[in-house]
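Listed here are the chains, written in short residue letters.
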Amino acid sequence: MESSPADPRKGWIVFCLFALYVIWGSTYLGIRWTLQGGFPPLMLGAVRFTLAGAILYAVLRLRGTPAPTWPQWRAGAFTGVLLLAVGNGCVAFAQQWVPSGVAALVVGSMPLWATLFGGLYDGQWPGRAERWGLALGFFGIVLLNKGGELGEHWGAVLALLLAPVSWAFGSIWGRRSPSMPKGLMATATQMLCSGVVLLVVSLSVGERMSALPDTRALLAFVYLVAFGSLIAFSAYGYLLRNARPAIATSYAYVNPVVAVLLGVALGGETPGPYAIVAMGAILVAVMLITRKASAPPVREPVVAAQGNTAP
């Protein structure tokens, strides 16, 4: 009896899950190293997303993908600003004072906000289990603040709290916009437009590179561009097209754990007891929120439409 050939998609799905779990979880530590090595936070995002977006756009055009129309550029710019300029930019700004693991925990609450915005858009409010998840997630964030894990810089705290809210709204809006470019071209337009916006804001607030970043910071920057932006975003798009949404979005509660472990092992971070309890609360909350994520995938992938602020 002949055995049926192995489905090649399974191997790619496993690889893509690894990319999302490990790569996106590690970008928080990568951002921290780039900041410590001399990159200003907004300029970091500006150069990173402009470069990654330009590379992806060029590759897509060489492969015959049509150029976006003006309505598609506008839609990509709007979602890109919400997801990357505001969402990721706020995370980078906050990580000047907040440990990478704690930042990942707060950002991991994004599906809670996405559930609220989804209710406003569709009128489908969360059920009992989801409401418990919302309450538990916000309790975890309160714990982080009570334990002093968010630090004493209120600008950083507000930026870190704004990041998942902006990402959630941009994700919900982008998933429902009929003007979004198709496929990975949506990712390219979002990165290009958000990179330009971040550059303008960076120059406006007076950010400057006072010296050449050190070797570790440069290597971390290359990692963020090549792996954090290009590979991981492409992997997420593949999962949305070939795996159940519950699998594709499962990184939302894996990334914080990866970020905390890497922060402890490689970044010298020591999470306090409040952070440990908050991590458990937020992870359980996100699992409660996403456990019914079994609806068909949207017609087109949007950058990190269900979780991490795509650091």
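The structure presented is a predicted model; accordingly, all values stated were derived computationally and were not measured.

Visitor: So what exactly am I meant to see when it comes to the overall build of the protein chain here?
Guide: The helix and strand tally for the protein chain stands at 12 helices and 0 strands. Taken from the N to the C terminus, the helices and strands of the protein chain come in the order α-α-α-α-α-α-α-α-α-α-α-α. When the 311 residues of the protein chain are sorted by exposure, 54% land in the buried category. For the protein chain, the proportion of contacts with a sequence separation of at least 24, taken over those separated by at least 6, is 90%. Carbon and sulfur atoms form 69% of the exposed surface of the protein chain, whose accessible area is close to 13900 Å².

Visitor: I tried to follow the packing of aromatic side chains on my own but got confused; where do I start?
Guide: Aromatic rings considered in pairs are described by the distance between their centres and by the relative angle of their planes. Applying the stated criterion across every chain yields a total of 7 aromatic pairs. When the centroid spacing of 5.3 Å and the interplanar angle of 15 degrees are considered together, the rings of Phe39 and Phe221 count as stacked. With Phe39 in the loop between α1 (8-36) and α2 (41-62) and Phe221 in helix α9 (residues 215-242), this residue pair connects regions lying 182 residues apart in the sequence. Phe221 sits in the buried class, given a relative accessible area of 11%. On the basis of an interplanar angle of 65 degrees and a centroid distance of 4.7 Å, the ring pair of Phe78 and Trp173 is categorised as edge-to-face. Remark: Trp173 occurs in helix α7 (residues 154-176) and Phe78 occurs in helix α3 (residues 70-94); sequence separation between them is 95 residues. Here Phe78 falls in the partly exposed class, since its relative accessible area comes to 38%. Judged by relative accessible area, Trp173 falls into the partly exposed class, the value being 25%.

Visitor: Help me understand the nonpolar core in this model?
Guide: One broad rule of soluble globular proteins: the nonpolar side chains tend to lie buried together. Residues Leu20, Trp24, Leu44 and Met191 are the most contacted members of the largest nonpolar core, which totals 43 residues. Among the elements that line this core, the one with the most residues is α9, at 11 residues. Contacts of Leu44, omitting those with residues within four sequence positions, involve Ile31, Thr34, Leu35, Phe39, Phe221 and Leu224.

Visitor: I would appreciate a short explanation of the environment of Ile276 in the present structure.
Guide: Along the chain, Ile276 falls in helix α12 (residues 273-290). Measuring from C-alpha to C-alpha, the distance between Ile276 and Gly140 comes to 9.7 Å, with 136 residues separating the pair along the chain.

Visitor: Hey, could you run me through the environment of Leu134 in this one?
Guide: Here Leu134 lies in helix α6 (residues 128-146). The exposure class of Leu134 is buried, given its relative accessible area of 9%. Remark: the alpha-carbon pair of Leu134 and Leu112, spanning 22 residues in sequence, is separated by 5.7 Å.

Visitor: So what exactly am I meant to see when it comes to the packing of helix α4 (residues 100-107) against helix α11 (residues 255-265) here?
Guide: Across the interface, α4 lies against α11 with an axial gap of 8 Å and an inter-helix angle of 170 degrees. Put simply, α4 runs roughly antiparallel to α11. Contacts between α4 and α11 involve Ser100, Gly101, Ala104 and Leu105 on the former and, on the latter, Pro256, Ala259, Val260 and Gly263. In terms of residue class, the contact of α4 with α11 is made up of 5 nonpolar, 3 polar and no charged.

Visitor: Would you explain the side chain of Ser166 in this entry?
Guide: One can find Ser166 in helix α7. When its relative accessible area of 6% is taken as the criterion, Ser166 is described as buried. Ser166 has contacts with Leu82, Val86 and Gly87, leaving out every residue within four places of it along the chain.

Visitor: Help me out: how do you make sense of the side chain of Ser202 in this one?
Guide: Structurally, Ser202 can be placed in helix α8 (residues 184-204). If we ignore the near neighbours within four places in the chain, the residues touching Ser202 are Leu42, Met43 and Glu207.

Visitor: What is the right way to look at the confidence of the model for the protein chain in this model?
Guide: Parts of the model with low pLDDT should not have their predicted coordinates read in detail. Looking at the protein chain as a whole, the pLDDT averages 80, with 81% of positions reaching at least 70. No element of the protein chain has a lower mean pLDDT than helix α10 (residues 245-248), at 58, and none a higher one than α2, at 96. Segment residues 1-5 is flagged for pLDDT under 50; beyond a separation of four residues in sequence, or across chains, it makes 0 contacts in the model. Counting interchain partners and residues more than four positions distant, the pLDDT-below-50 stretch residues 293-308 has 61 contacts.

Visitor: Looking at this structure, how should I read a nonpolar patch on the surface?
Guide: A surface patch of nonpolar side chains, about 390 Å² in accessible area, is lined by Trp12, Phe15, Phe227 and Ile231. Those elements that place two or more of their residues in the nonpolar patch are α1 and α9. Tracing the backbone through its elements, the reader meets Phe15 in helix α1. Assessed through its relative accessible area of 42%, Phe15 is described here as partly exposed.

Visitor: So what exactly am I meant to see when it comes to the packing of α3 against α8 here?
Guide: Packed helices, taken two at a time, are described by the angle between their axes plus the distance between the axes. At a minimum axis distance of 7 Å, the contact between α3 and α8 shows a crossing angle of 65 degrees. The two elements α3 and α8 meet at a crossing, and its hand is right-handed. Residue-level contacts link Trp73, Gly76, Ala77, Thr79, Gly80, Val81, Leu83, Leu84 and Ala85 of α3 to Thr189, Gln190, Met191, Leu192, Cys193, Ser194, Val197 and Leu198 of α8.

Reading the values: the criteria
- Residues numbered from 1 in each chain as written.
- Predicted model: local features only at pLDDT ≥ 70, side-chain atom pairs only at ≥ 80, totals over all residues.
- Heavy atoms only, no water.
- Helix = DSSP H or I, 4+ residues; strand = E, 2+ residues; numbered from the N terminus.
- Buried < 20%, exposed > 50% of the residue type's maximum accessible area, 1.4 Å probe, protein only.
- Contact = heavy atoms within 4.5 Å.
- Areas by Shrake-Rupley, 256 points an atom, 1.4 Å probe, with all protein chains shown as cover.
- Phe/Tyr/Trp six-rings, centres within 6.5 Å; stacked < 30°, edge-to-face > 60°.
- Core = buried A, V, L, I, M, F, W, Y, C linked by side-chain atoms within 4.5 Å.
- Axes fitted to C-alpha atoms, helices over the stretch in contact; angles between N-to-C directions.
- Parallel < 35°, antiparallel > 145°, perpendicular 65-115°, else oblique.
- Nonpolar A, V, L, I, M, F, W, Y, C, P; charged D, E, K, R; others polar.
- pLDDT = per-residue confidence, 0-100.
- Patch = residues over 30% accessible without salt bridge, like charges linked within 9 Å, V, L, I, M, F, W, Y side chains within 5 Å.
- Salt bridge = Lys/Arg side-chain N within 4 Å of Asp/Glu carboxyl O.
- Left-handed = near helix turned anticlockwise from the far one by under 90°.

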